Amino acid sequence: MPNTTDRSTGAQEYDALIIGAGFSGLYQLHCLRDRLGLSAQVLETADGVGGTWYWNRYPGARCESERHSYSYYFSKEILEEWEWSERYPEQPEIMRYLNYVADKLDLKRDIQFGTRVESAVYDEATNRWHVETEAGDQYTATYLITAVGCLSTANIPDIPGLDSFAGDWYHTGQWPHDGVDFTGKRVGQIGTGSTGIQAAPVIASTAGHLTVFQRTPNYSVPAHNGPLSAEFKQYLRENHDEIRAIMQSTPNGHPFRIADRNVADVTPDERLAIYEESWRTGGLRFRAAFRDLLLDKAANDTAAEFLKDKIRTVVKDPETAAKLANIDHPYAAKRPPIDTHYFETFNRDNVTLVDVRAAPIERITPTGIVTVNGEYPLDIIVFATGFDAMTGPLLGMDIRGRDGQALKDVWSAGPKTYLGLAVAGFPNMFTVTGPGSPSVLCNMPVAIEQHVEWITDCIAHMRENGIDRIEAGPEAAEKWVEHVNDAANATLLPLVKHSWYLGANVPGKPRVFMPYAGGMTRYRAVCDDIAAKGYEGFRKEGGGHEKHPPQGATVGDFGPAAAIDAPGV
Ligand code: NA7
């Protein structure tokens, strides 16, 4: 419930406004409303909870983190009540889970669905954020928390002629809720990232013909998905604390440890046996076979060669296999997909692979896609072409901080945050999984719980100490950006030129490595340390703090980048 409603503007006044009702927004609402007792309201574009999972309903949409790790851990009761059915939950099961959590915590009464935020403007005189929605509704609040996700702004390539296409076309991230019937249809799929790799086998199973347009060949490891045994469910029920301890002690937040060995520590035969074993285990655990896979190109080459060999073994047609295995980036330096029969799909008679790097797409006509080699007639086009990641959802709103400065101008050369959680010039605004946070390089719920709890503690600290405004200090933010760059540069991740981690998939977007590659464990320690030092690097006003106090000399000592041992999902 709002504290009050402004009579002149009709604006509903809250302590906190939260944008987005996915994993982040739901937990943030629970923390602010039920732990701190604030009046809080979530504004959500969709007609239901779920965030990215509400929109990504494409065939085969499934989580890449393992079931029990893709969960909230803050509530023992929720952990004990909910039971996942498969190793990797499918989109509908994740939606059921998030609805169950929202209902259990009675969150929906404070979520305004069907509400797209258009602008959020900070008013220095009143120290309040003014939020306006597309429908013209107005809200104000002391704290603004963006919980908009990293992968929620669809990237639809600007291919000439799309408007003229006489068939149907869809982006995987904006999938129709009543599904798409591919039966007997000629389907063209553009994109072979994690999404395309999940979708192609499912689409091929009913389509008349599937043509996959591949620009960048990709590695993939079998997920080995399947139902959970009764014994394993029992193990999960009885070992929450241990599982949480593992997730919180690994750099990528997954429920397994990264092997404490380098590739060079073993003989070539031992290495092969380890890779075979990891391949049989499947999923993102393959990445955990050696510690230095993302730190040392020579080490990475051994994994890359192993995975390319697997493609050549699985795919029967040598020409198709060669196109699929023609991968020129290090393994896991782009987001590493996991799959269910992706490469096997190319052995089907109704599937064709088209290499659009060799023969680029020129245009779309009313009847299909034209590459320099000719036209592919199609009834349906599926764009599995990814997202304007991390900054897209934030810059899709007109966010303005002190003196009316727009976030899009402040970030014109690339995003700058402190800890991925706060932006200089935007007081009392917090960005859950913002650029500069580990987010997409971590099992997301682990990162989200940490962010949300840290933000909640920060707001509690402000209220207990009479602090009216908190804001990232520009110097601290500069140093954090530097540290984010150092962390990335200590790995092989920046070697990929065409990566959404770098913003390179969206024409005109500044090339800045966005997620923090220093690992979740270190990130958590840095955040805790900053909080323990009275929110070092932040500027505070009220409660005896002077306006714009000088920054402590130690701000920015986040540790050497070289100590980063195993970043990445
Ligand atoms: P990704 O990983 O960004 O993949 C998008 C794919 O689409 C990738 O293969 C792109 O090729 C391809 N693409 C994009 N634009 C074009 C054009 N114009 N022509 C041809 N091919 C194109 O997005 P996903 O949805 O698969 O995965 C995003 C995350 O969502 C994933 O990490 C999971 O966490 C869930 P490119 O590589 O750019 O050459």
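All of these numbers come straight from a predicted model, not from anything done at the bench.

The rules we used
Residues numbered from 1 in each chain as written. Predicted model: local features only at pLDDT ≥ 70, side-chain atom pairs only at ≥ 80, totals over all residues. Heavy atoms only, no water. Helix = DSSP H or I, 4+ residues; strand = E, 2+ residues; numbered from the N terminus. Rg over C-alpha atoms; globule rule 2.2 N^0.38 Å. Buried < 20%, exposed > 50% of the residue type's maximum accessible area, 1.4 Å probe, protein only. Phe/Tyr/Trp six-rings, centres within 6.5 Å; stacked < 30°, edge-to-face > 60°. Lys NZ or Arg CZ within 6 Å of the ring centre and 35° of its normal. Polar contact = N/O pair within 3.5 Å; in protein donor to acceptor, adjacent residues only side chain to side chain. Domains from an automatic or database assignment. Contact = heavy atoms within 4.5 Å. Buried area = accessible area lost by both parts, 1.4 Å probe. Salt bridge = Lys/Arg side-chain N within 4 Å of Asp/Glu carboxyl O. Near = heavy atom within 4 Å. Areas by Shrake-Rupley, 256 points an atom, 1.4 Å probe, with all protein chains shown as cover. Nonpolar A, V, L, I, M, F, W, Y, C, P; charged D, E, K, R; others polar. Pairing = 2+ DSSP bridges. Axes fitted to C-alpha atoms, helices over the stretch in contact; angles between N-to-C directions. Expected span 1.5 Å × (residues − 1). Core = buried A, V, L, I, M, F, W, Y, C linked by side-chain atoms within 4.5 Å.

A count of helices and strands for the chain gives 16 helices and 21 strands. The C-alpha atoms of the chain give 24 Å as radius of gyration, which agrees with the globular expectation for 569 residues (25 Å, within 12%). Taking the principal axes of the C-alpha coordinates as reference, the chain spans close to 70 × 60 × 50 Å. Of all 569 residues assigned to the chain, the portion counted as buried reaches 59%.

A word on the packing of aromatic side chains. One pass over the full model with this rule turns up 39 aromatic pairs. With a centroid separation of 5.5 Å and an interplanar angle of 20 degrees, the aromatic rings of Y275 and F286 are classed as stacked. On the criterion of sequence distance, the pair formed by Y275 in helix α8 (residues 268-281) and F286 in the loop between α8 and α9 (297-314) is long-range, its members being eleven residues apart. The two residues Y275 and F286 agree in class, both being buried. Between R57 and the ring centre of Y54, over which it is positioned, the NZ or CZ distance is 4.8 Å. Positioned above the aromatic ring of F290, the side-chain terminus of R261 is 5.1 Å from the ring centre.

So, on to the environment of D328. The residue D328 is located in the loop between α10 (318-325) and β12 (338-339) in this model. For D328, a relative accessible area of 57% puts it in the exposed group. For the pair D328 and N218, spaced 110 residues apart in the sequence, the C-alpha separation amounts to 8.8 Å. A distance of 3.3 Å separates a polar atom in the side chain of D328 from a polar atom in the side chain of R357.

With that out of the way, let us pick up the domain arrangement of the chain. As assigned here, the chain comprises domain 1 (4-153 + 389-471) and domain 2 (162-229 + 257-383). Taking only C-alpha atoms into account, the centre of domain 1 sits 32 Å from that of domain 2. On the domain 2 side, the residues contacting the 18 residues of domain 1 number 26 residues. Regarding the contact of domain 1 and domain 2, the summed buried area is about 1,900 Å², with carbon and sulfur atoms giving 48% of it. For domain 1, the biggest contributors to the area lost against domain 2 are Y58, P59 and E64; these three give 37% of the whole. Between the two partners, domain 1 and domain 2, sit two salt bridges. Ionic pairing is found between R285 and E66, a salt bridge with its closest N-O pair at 2.8 Å. Linking domain 1 with domain 2 are 17 residue pairs in polar contact (both at pLDDT 80 or more), by the criterion used here.

This part takes up the site of the ligand. The local shell around the ligand holds 19 residues, among which T195, R215, T216, K334 and H498 are the closest. Here an oxygen atom of the ligand sits 3.2 Å away from a polar atom, N or O, in the side chain of H498. Within the complex, the protein chains bury 88% of what would otherwise be the 770 Å² of accessible surface of the ligand. Residues belonging to the shell around the ligand are distributed by class as follows: six nonpolar, nine polar and four charged.

Next up on the list: the sheet that holds strand β9 (residues 186-190). Strand order in the open sheet formed by five strands is β8-β17-β9-β10-β13, with parallel pairing between adjacent strands. Every interior strand has two partners, whereas the edge strands, β8 (168-171) and β13 (351-355), have only one. In this sheet, neighbouring strand axes are inclined to one another by 20 degrees on average, regardless of whether the strands run parallel or antiparallel. Here five bridges tie strand β10 (residues 209-214) to β13, and the two strands are oriented parallel to one another. When the sheet's bridge partners are listed, T211 is paired in β13 with T352. The strands touched by helix α5 (residues 194-204) are β9, β10, β13 and β17 (380-383); relative to β9, the strand with the most contacts, the crossing angle is about 175 degrees.

Here helix α14 (residues 444-464) contains 21 residues, and its C-alpha end-to-end distance of 30 Å stays within 8% of the 30 Å for a straight helix at 1.5 Å per residue. Along α14, 16 of the 21 residues are buried, which leaves the element largely enclosed by surrounding structure. G466 occupies a position one or two residues after α14 and carries a positive phi of about 65 degrees.

The subject of this paragraph is the sheet that holds strand β14 (residues 361-365). Adjacent strands of a sheet form backbone hydrogen bonds with each other and so pair up, either parallel or antiparallel. The sheet built from three strands is open, its strands ordered β14-β15-β16 with antiparallel pairing. Here the strands that pair on one side only, and so sit at the sheet edges, are β14 and β16 (374-377). Averaged over all neighbouring strand pairs, the angle between strand axes comes to 25 degrees, with direction disregarded.

Glancing now at the pattern of salt bridges. Here the structure, examined in full by the defined rule, presents 37 salt bridges. In this structure, R62 engages E90 in a salt bridge whose closest nitrogen and oxygen atoms are separated by 3.9 Å. With a gap of 28 residues between them, R62 in the loop between α2 (52-55) and α3 (76-81) and E90 in the loop between α3 and α4 (91-104) connect regions that are remote in the sequence. Since its relative accessible area comes to 19%, R62 is described here as buried.

What follows covers the nonpolar core. Grouped together as the largest cluster of nonpolar side chains are 139 residues, with contacts concentrated most on Y97, I145, Y418, L419, W454 and F538. When residues of this core are assigned to their parent elements, the largest contribution, ten residues, is made by α14. There are two domains that each give this core at least three residues, and those are domain 1 (4-153 + 389-471) and domain 2 (162-229 + 257-383). By size, the runner-up hydrophobic cluster in this structure holds 21 residues, among which are V148, I399, V423 and M429.

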